[in-house]
Amino acid sequence: MRPRVLAALLAGGAVLTAWGASPTLAQEKGGTLRLLARAAAGTIDPHINYTLQQWQIFYIAYDGLVTFRKAGDQTGFEVVADLAEALPTPENDGKTYRFKLRPGIKFSNGQDLTTDDVVASFQRIFKVSGPTAGTFYNGIVGADKCLAAPADCTLEGGVVADKAAGTVTINLSAPDGEFLQKLAVPHAYIVPAGTASSDQGTTPIPGTGAYAIQSYDPNAALKLARNPNFKEWSAEAQPEGMVDEISYDFGLTEEAAVTAIQNGDADWMFDAPPPDRLAEIGTQYAAQVSLHPLSAMWYAPMNTRLAPFDNAKARQAVNFAIDRNALVKLFGGANLAQPACQILPPGFPGYTPYCPYTAAPGTTWSAPDMEKAKALVAESGTAGQEVKIIAEDTVVSRAVGVYLQDVLTELGYKASVQPISQNLQFTYIQNTNNKVQISISQWFQDYPSPSNFLNVLFSCASFHPGSDASVNIAGFCDEAVEAKMKEAFAAGVSDAKAALPVWTEVDKMVTDAAPAAVLFTPKRVDFVSSRVQNFTFSPQFYAIFSKLAVQ
């Protein structure tokens, strides 16, 4: 997700004493769902934006050929047919997928959805240099030419339409066991063929979902209303919405957002409740709170192409020096997070406990080893260098940045912190032109595969110098890791489970190379108003806004 990156989540500091189930009452259609976030999350172009905050909106405004089931249990990880009538059976030894479009689907502007829109949308992924063009979709025949010359992208032979039959055939250069999952994320959503091949920024693009974006001002609000041309074709793929309108306002602090929800002036907040409010809402408003483990991580990417972190010993020193328990407490305590040592999160496919950077290396994190860390800094010869930490201007990200500043200072660096608007920080830290040495970021799965952490964040193909869409923030590119990832992908073509041990090896290799310091694994807190009914949390989509009703 995401993504996926994706986005900031929680704040913490108090012990939560009670958490209640979210309200599930009789549902009534109509009304306005009022959402809050401290800041907007950038462009509303679904082919470009890679944040959870916007993806939650895209899920209800757009559709792909396939999607993840919109369900509030583990079946939410399953891929189901969406604009396509059915999931295709791979042909040609797994290199060909043939989709037949459902008839009668229209965009929110009244235009019929056709095979031309599907072909143009896949071309557009490359023409706008989408952040996953080189990782998710580079296996489509013709993708290599599109990546080399995006403006001239045709995907000739790769995406082929038969307008009379209503089918689109996608040909791959090699089998890809994760291809349907990659098609199910917003970067492969279908938009009208006439959509400009540039970032649409604040201009809404017509979609086929239950809701249509009406307006977007990153400094004020995003507005959605029912898509007048939407008719539910699959409740598991794109259910009809419960509320008539959705208003997503920006600018309130997390503190003010909690108060607004308590007073019934808002219904849900994207950001987490601040530390001094957690105990209050966990006790007085327990029935309005839900807590969910996430396949995600908070981490500190270190630029492997800039001093001092172009030196592996400097990166390893940071990993040894960080007290993960201190960060967990900063985040809200053990109820809201757990220390993390490796790239893959606990419970994720391919995860095998591995913790090399701790006082007692093994399978679990125990304590920092500052003595070892200082020795590594001395060996690296990097002591005394200036290091700037780029954090988001949220409560938790700033606090983590200040903590990291203290750690780096103790290690002998001249450290400083620069908070940047949450709306801009993620793209800023990706662009090599900004020469970011180390940053605070988060990553949430796009889909349930280990490649979504390891390949997306640390492959050579995910590094794009000078681009705001270079999600390999560390600029990490290692031949041995690349070869092992290629082996994992090959193993997963016929049997996804057979690939997992190989991905476990990749996880260890990347963790050992330390292009990032993984900090902790978060949980998600959702605090809703008393008028919200049928709060539904999907492991893939998180809050499903189209399923929320208001009294």
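The model shown is predicted, which means the values in this text are computed figures rather than measured ones.

### Side note on the packing of aromatic side chains
Here the distance between the centres and the angle between the planes together describe a pair of aromatic rings.
At step 1: If you walk through the whole model with that rule in mind, you get 26 aromatic pairs.
At step 2: Three or more aromatic residues joined by ring pairs make a cluster, and in this case those are Tyr-216, Tyr-248, Phe-250, Trp-268, Phe-270 and Phe-545.
At step 3: Cation over ring: Lys-70 sits above Phe-541, and NZ or CZ is 4.8 Å from the ring centre.

### Describing helix α5 (residues 254-262)
At step 1: For α5, the full list of buried residues reads Glu-254, Ala-257, Val-258, Ala-260, Ile-261 and Gln-262.
At step 2: In the core, the buried residues of α5 are packed alongside β1 (32-37), β10 (268-269), α6 (278-284), α10 (395-410) and β18 (516-527).
At step 3: Positive phi shows up at Gly-264, right after α5, with a value of about 80°.

### Quick notes on the side chain of Asp-526
At step 1: Tracing the chain through its elements places Asp-526 in strand β18.
At step 2: Side-chain polar atoms of Asp-526 contact the side chain of Arg-524, separated by 3.0 Å.
At step 3: Setting aside residues no more than four positions away along its own chain, Asp-526 makes contact with Trp-268, Gln-288, Val-289, Ser-290, His-292, Phe-535 and Phe-537.

### Quick look at the packing of helix α7 (residues 312-321) against helix α9 (residues 370-380)
At step 1: Across the interface, α7 lies against α9 with an axial gap of 8 Å and an inter-helix angle of 165°. What the angle tells us is that α7 and α9 run roughly antiparallel. For α7 against α9, the interelement crossing comes out left-handed. Packed against α7, whose contacting residues are Lys-313, Ala-314, Gln-316, Ala-317, Phe-320 and Ala-321, the element α9 presents Met-370, Lys-372, Ala-373, Leu-376, Val-377, Glu-379 and Ser-380 at the interface.

### Focus on the state of the cysteines
At step 1: By the definition in use, this model includes three disulfides.
At step 2: Disulfide pairing is shown between Cys-341 and Cys-355; the S-S distance is 2.1 Å. Between Cys-341 and Cys-355, the disulfide has an S-S torsion of -65° and is therefore left-handed. In this pair, Cys-341 sits in the loop between β13 (337-339) and α9 while Cys-355 sits in the loop between β13 and α9, placing the two residues 14 residues apart along the sequence. Per residue, the accessibility class of Cys-341 equals that of Cys-355, and both read buried.
At step 3: Cys-460 shares a disulfide with Cys-477; S-S distance 1.9 Å. Because the torsion about its S-S bond is 95°, the bridge between Cys-460 and Cys-477 counts as right-handed. Residue Cys-460 is located in the loop between α12 (451-458) and α13 (479-492), and its partner Cys-477 is located in the loop between α12 and α13; the two are separated by 17 residues in the primary sequence.
At step 4: According to the relative accessible area criterion, Cys-460 is partly exposed, its value standing at 24%.

### Looking at the sheet that holds strand β4 (residues 96-100)
At step 1: Strand order across the open sheet formed by three strands is β4-β6-β5, with antiparallel pairing between neighbours. Every interior strand has two partners, whereas the edge strands, β4 and β5 (159-162), have only one. Strand-to-strand twist across the sheet, computed as the mean angle between neighbouring axes with direction ignored, equals 20°.
At step 2: Pairing geometry for β5 and strand β6 (residues 167-171), over four bridges, is antiparallel. Among the inter-strand pairings, Asp-162 is bridged to a residue of β6, identified as Thr-167.
At step 3: Across the face of the sheet, helix α2 (residues 115-127) comes into contact with β5 and β6 while running at roughly 170° to β5.

### As for the confidence of the model for the protein chain
At step 1: Of all residues in the protein chain, 95% have pLDDT values of 70 or greater, and the mean over the chain is 92.
At step 2: Every residue in residues 1-25 is under pLDDT 50, and counting partners more than four places away or in other chains gives 127 contacts.

### As for the pairing of β6
At step 1: Buried residues dominate β6, accounting for five of its five residues.
At step 2: Of the two faces of β6, the one carrying Thr-167, Thr-169 and Asn-171 and the one carrying Val-168 and Ile-170 are both buried.
At step 3: Here β4 pairs with β6 via five bridges, running antiparallel. Bridged to Thr-96 within β6 is Asn-171.

Parameters at a glance
- Residues numbered from 1 in each chain as written.
- Predicted model: local features only at pLDDT ≥ 70, side-chain atom pairs only at ≥ 80, totals over all residues.
- Heavy atoms only, no water.
- Phe/Tyr/Trp six-rings, centres within 6.5 Å; stacked < 30°, edge-to-face > 60°.
- Lys NZ or Arg CZ within 6 Å of the ring centre and 35° of its normal.
- Buried < 20%, exposed > 50% of the residue type's maximum accessible area, 1.4 Å probe, protein only.
- Helix = DSSP H or I, 4+ residues; strand = E, 2+ residues; numbered from the N terminus.
- Contact = heavy atoms within 4.5 Å.
- Polar contact = N/O pair within 3.5 Å; in protein donor to acceptor, adjacent residues only side chain to side chain.
- Axes fitted to C-alpha atoms, helices over the stretch in contact; angles between N-to-C directions.
- Parallel < 35°, antiparallel > 145°, perpendicular 65-115°, else oblique.
- Left-handed = near helix turned anticlockwise from the far one by under 90°.
- Disulfide = S-S within 2.5 Å.
- Pairing = 2+ DSSP bridges.
- pLDDT = per-residue confidence, 0-100.

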